[in-house]
Amino acid sequence: MAPTMSKPSANSAAARDRTIRGIVSQLTSMYLQNRTRISRAVYITLFVALINRVRHAIQEQKAASVREATKRAEKSGTTSTADGEVTKKKVELNREFFRSLLRLLKIVVPGWRSKETRLLISHSFFLVMRTLISLKVAAMDGAIVKALVKGNGREFLMRIVWWMLIAVPATFTNSMLSYHQAELSLRYRTRLTQFIHDKYLSQLTFYGISALDDRIKNPDQLIAVDVAKFSNSLAELYSNLAKPLLDMTIYTFSLSKSVGGEGVVFMSLLVQLSAHVMRALTPPFGKYVADEARLEGEFRFQHSRLIDHSEEVALYAGHEAEKDTLDKGYFTLIKHVNYILRRRFYHGFMEDFVIKYFWGALGLLLCSVPVFVKLPGQVTMNMGDRTETFVTNRRMLLSASDAFGRIMFSYREIMELAGYTSRVSSLLEVMDDIQAGHFEKKLVSSSGTENNEAVLKGRGKVVESNNIEFIDVPIISPNGDVLVPALTFKLTPGDHLLVVGPNGCGKSSLFRILGGLWPVYGGTVHKPPFTDIFYIPQRPYLSRGSLRQQIIYPDGLRTMRSKGVTDSDLLSILKILSLEHLIDLYPEGWDAEAEWRDVLSGGLQQRVAMARLFYHRPKYAILDECTSSVTLDTEKVMYDNAKALGITLMTVSHRRSLWKYHTHILQFDGQGHFVFTRLDADRRMKLEDEKEDLEVLLRQVPELERRVRELSEL
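Quick notes on the rules
Residues numbered from 1 in each chain as written. Predicted model: local features only at pLDDT ≥ 70, side-chain atom pairs only at ≥ 80, totals over all residues. Heavy atoms only, no water. Helix = DSSP H or I, 4+ residues; strand = E, 2+ residues; numbered from the N terminus. Buried < 20%, exposed > 50% of the residue type's maximum accessible area, 1.4 Å probe, protein only. Contact = heavy atoms within 4.5 Å. Areas by Shrake-Rupley, 256 points an atom, 1.4 Å probe, with all protein chains shown as cover. Patch = residues over 30% accessible without salt bridge, like charges linked within 9 Å, V, L, I, M, F, W, Y side chains within 5 Å. Salt bridge = Lys/Arg side-chain N within 4 Å of Asp/Glu carboxyl O. UniProt positions renumbered as here; feature names shortened; annotations may be inferred. pLDDT = per-residue confidence, 0-100. Core = buried A, V, L, I, M, F, W, Y, C linked by side-chain atoms within 4.5 Å. Axes fitted to C-alpha atoms, helices over the stretch in contact; angles between N-to-C directions. Parallel < 35°, antiparallel > 145°, perpendicular 65-115°, else oblique. Nonpolar A, V, L, I, M, F, W, Y, C, P; charged D, E, K, R; others polar. Phe/Tyr/Trp six-rings, centres within 6.5 Å; stacked < 30°, edge-to-face > 60°. Pairing = 2+ DSSP bridges. Polar contact = N/O pair within 3.5 Å; in protein donor to acceptor, adjacent residues only side chain to side chain. Expected span 1.5 Å × (residues − 1). Arc of directions from axis to C-beta.

## Some details on the overall build of the chain
So, step 1. Broken down by element type, the chain carries 22 helices and 10 strands.
So, step 2. Residue burial in the chain is summarised as follows: out of 714 residues, 39% are buried.
So, step 3. Pairs at least 24 residues apart make up 77% of the contacts formed inside the chain by residues separated by at least 6 positions.
So, step 4. With the model as given, the accessible surface of the chain reaches about 41000 Å², and the carbon-plus-sulfur share is 59%.

## Digging into unusual backbone geometry
What is expected of a backbone is that most residues other than glycine have negative phi and most peptide bonds are trans.
So, step 1. The residue after Y553, namely P554, is reached through a cis peptide bond having omega 5°.
So, step 2. The backbone of Q203 shows a phi angle near 55°, a positive value even though the residue is not glycine.
So, step 3. Mapped onto the elements, Q203 comes out in the loop between α5 (153-200) and α6 (205-212).
So, step 4. Even without glycine at this site, L204 takes up a positive phi of about 55°.
So, step 5. With respect to the helices, strands and loops of the structure, L204 is situated in the loop between α5 and α6.

## Quick word on a nonpolar patch on the surface
So, step 1. A cluster of nonpolar side chains, contributed by M158, V161, W162 and L165, occupies part of the molecular surface with about 420 Å² of accessible area.
So, step 2. Mapped onto the elements of the fold, W162 is located in helix α5.

## Quick notes on the UniProt feature "transmembrane region" (unreviewed entry) in the chain
So, step 1. Sites flagged by UniProt as "transmembrane region" (unreviewed entry) map to residues 119-140, 160-179 and 353-373.
So, step 2. Along residues 160-179 one finds 100% helix and 0% strand; the C-alpha atoms at either end are 29 Å apart.

## Remarks on the pattern of salt bridges
So, step 1. Inspection of the entire model under this criterion finds 21 salt bridges.
So, step 2. Linking K199 and D432 is a salt bridge whose minimum nitrogen-to-oxygen distance equals 2.7 Å. In this pair, K199 is assigned in helix α5 and D432 in helix α13 (residues 383-435), connecting sequence segments 233 residues apart.
So, step 3. D432 sits in the partly exposed class, given a relative accessible area of 27%.
So, step 4. Between K563 and D555 there is a salt bridge, and its shortest N-O distance comes to 2.6 Å.

## Regarding the confidence of the model for the chain
So, step 1. Here the chain shows a mean pLDDT of 77. Residues at 70 or above account for 73%.
So, step 2. Every residue in residues 75-88 scores below 50 in pLDDT, and together they form 18 contacts with partners more than four places removed in sequence or on other chains.

## What to know about the nonpolar core
So, step 1. Membership of the largest hydrophobic core comes to 37 residues, with the highest contact counts inside it found for I536, I551, L570, M610, L613, Y615 and L623.
So, step 2. The set of elements that each furnish at least two residues to this core consists of β6 (533-536), α16 (547-552), α18 (567-576), α20 (602-616), β7 (620-624) and α21 (632-644).
So, step 3. Not counting chain neighbours up to four residues away, the residues in contact with L623 comprise I536, L613, Y639, L649, M650, T651 and V652.
So, step 4. Among the nonpolar cores identified, the runner-up in size contains 32 residues, and I107, L234, V424 and I434 belong to it.

## Considerations on the packing of α20 against α21
The geometry of a pair of packed helices is captured by two quantities: the angle between their axes and the separation between those axes.
So, step 1. Following both chains from N to C, one finds α20 and α21 inclined at 10°, their axes separated by 11 Å at the closest point. Considered as vectors, α20 and α21 are oriented roughly parallel to each other. Across the interface between the two elements, Q606, R607, M610, L613 and F614 of α20 pack against T634, M638, N641 and A642 of α21.
So, step 2. For the contact of α20 with α21, the residue count by class is five nonpolar, three polar and one charged.

## Some details on the packing of aromatic side chains
So, step 1. Counted according to the given criterion, the structure contains 13 aromatic pairs.
So, step 2. Among the aromatic residues, those joined into a ring-pair cluster are F125, F126 and F172.

## Examining the sheet that holds strand β2 (residues 468-476)
So, step 1. Strand order in this open sheet of four strands is β1-β5-β2-β3, and the pairing throughout is mixed. Two strands lie at the open edges of the sheet, namely β1 (461-464) and β3 (482-491), each paired on one side alone. Geometrically, the sheet is characterised by an average inter-axis angle of 25° between neighbouring strands, direction not taken into account.
So, step 2. When β1 meets strand β5 (residues 524-527), the two strands line up parallel, connected through four bridges. When the sheet's bridge partners are listed, K461 is paired in β5 with T524.
So, step 3. Sheet strands in contact with helix α15 (residues 507-514) are β2, β3 and β5, and its direction is about 125° off that of β2.

## Points about the side chain of Q221
So, step 1. Inspection of the secondary structure assignment puts Q221 in helix α7 (residues 219-259).
So, step 2. Here R423 takes part through its side chain, which lies 3.0 Å from a polar atom of the side chain of Q221.
So, step 3. If sequence neighbours within four positions are ignored, Q221 has contacts with D226, A293, E296, G297, R300 and R423.

## Topic: α21
So, step 1. Spanning 13 residues, α21 covers 18 Å between terminal C-alpha atoms, matching the ideal 18 Å at 1.5 Å per step.
So, step 2. Along α21, the positions that sit buried rather than exposed are T634, E635, M638, Y639 and A642. An end-on view of α21 places all buried positions within 125° of arc, on one side of the element. Along α21, exposed side chains directed more than 90 degrees from the buried face belong to D633 and A644.
So, step 3. In the core, the buried residues of α21 are packed alongside α20, β7 and β8 (648-652).
So, step 4. Once α21 ends, the next one or two residues include G646, with phi positive near 80°.

## With respect to the sheet that holds strand β10 (residues 674-678)
So, step 1. Read from one edge of the open sheet, six strands run β6-β7-β8-β4-β9-β10, paired in mixed fashion. Of all the strands in the sheet, just β6 and β10 have a single pairing partner and so form its edges. Each strand axis lies, on average, 15° off the axis of its neighbour in the sheet, ignoring direction.
So, step 2. Of the strand pairs in this sheet, β7 and β8 are connected by five bridges, and their pairing is parallel. Bridging across to β8, D624 finds its partner in V652.

Dropping the structure here:
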């Protein structure tokens, strides 16, 4: 009974199977008859979708531009937190990134006739050549396998010979691509470094970044390291994007002719869908790279700071505290690097699985289409033809898949480029702000900066003049304290000024204003041009270079010759200061080079700085405790000769021996008040002596009173 009942069931299943086959056969026949129309409809749909996507992207960019303009209007172009720190930019592929990248591109590729443009054109030519050679190699692969399947030894050997011949232009092309990429990276770095050096070392920008603005903590690391990384990343990105895009376009077109456009479109849709999923799961590597570079810079800065202050740290025995600081900086960096490595591990696992295996399986299905499906216009193929077609298609598909994979991997490279672009463009923006007189610094004032906010935001006027005159100019400390609300005094050539006062009263800020280092927060300053004012600190700066360069700094040898100054003239200056023996210290004489800061004692360094003053002969000289390490006789020689050269002196010192060399005195009391008057050295000396005598007597009063009480009790 059971077998009898199973027959109708089997017949119905067979009937359903025949019906399904018939439907599939009918649909396939209808599709093949209308294949051209369907393909055109699919291509038109994809084209319309692309246009719509571009339109949406443009609208989003316009909306982002409006939001950015509104934010700039509300916050005056800067975004700050409540404590005055500038908020860190989020590294992402937005309008800000493309604007910054475009600015940097205009710097590294200055014009169509530049060498960089010629290198890019040559690089593009070899990229096209490599793609065409790859197409030829794919066809030759199929032909070699076909000859092998057919058992035709002669044809197989000829194909091998042609394979070896095409290897010559292929390897030459690859070598040229590597050369062009390295050369482009070097040219980009050269252009960008020269541009940054021009801005960094003009208008005292380097001083403003370190002293007046705290947005850039480590400009040395940005210039020396991040610029190189940006240039290398930009050069690599062009090759890693242009070649895969070209490969994918040409290989897809060739595949569509062999396996049909609908198969390529269907596989492309699946690939796009998986690519969107991967992109959504991709971590923000650009931000990670920017943070890593920032931490590297901070770690390097901590080491350089230890080197700069090694003597002070040693005297304080602060090596353990410094070790803790360095260890903390290093382990913060390593913790971040390990976090990046973990994220890259998970992301790399996902990428390899999708790109190598999932897309590879789709590719095998696509390559099998000519074998299992007879397309319209396709001739009947034998075993060798099918093998050749499969191998060629497989090779082109692998190349196209590899190209698409490189495009996907390039998203991470673009994010890394975004990180370097953000840091380099931030440096350029800060330099632009500083040259425009806009500073952002977190102030920690002893009395709070709220009451001084109006003064700190204000700007005074600077007028070029032969005299030095301050009219109601506020003197501000580096931390935002108003030391003197309104300073007023006038100095003409020949009026030698002595500036005295307690520490932190405004002496250094006054000279920073005169030297053009400090902004004028109010009032009017009349002063000569920057070249007419020469500054000599207590610890003079000795540059790297020859002994001659220590005397003529910042002039070079060519500038010295153009002024008509000879080595004999320099020797006469050294003889005035009893420094002629320095010539005999080294066989090279004037051309001897050494680490002069370590070779010369403090007194010799101060005499070399004074020799530098005698060489330049400026109209005004600011002498900041510059004779603290020399004898009184040497000090007399310095000041007498400086006055004989017609140099107007402005001295900061508490040494009474210097009074007789000055005609005016500017005295600060440290409470916001000042006195500017003529200086009568003899009279002031007598008054100071009398004051000291009285102070001695006053110190004896308590002892005398105690003795009187003892005598009264007897």
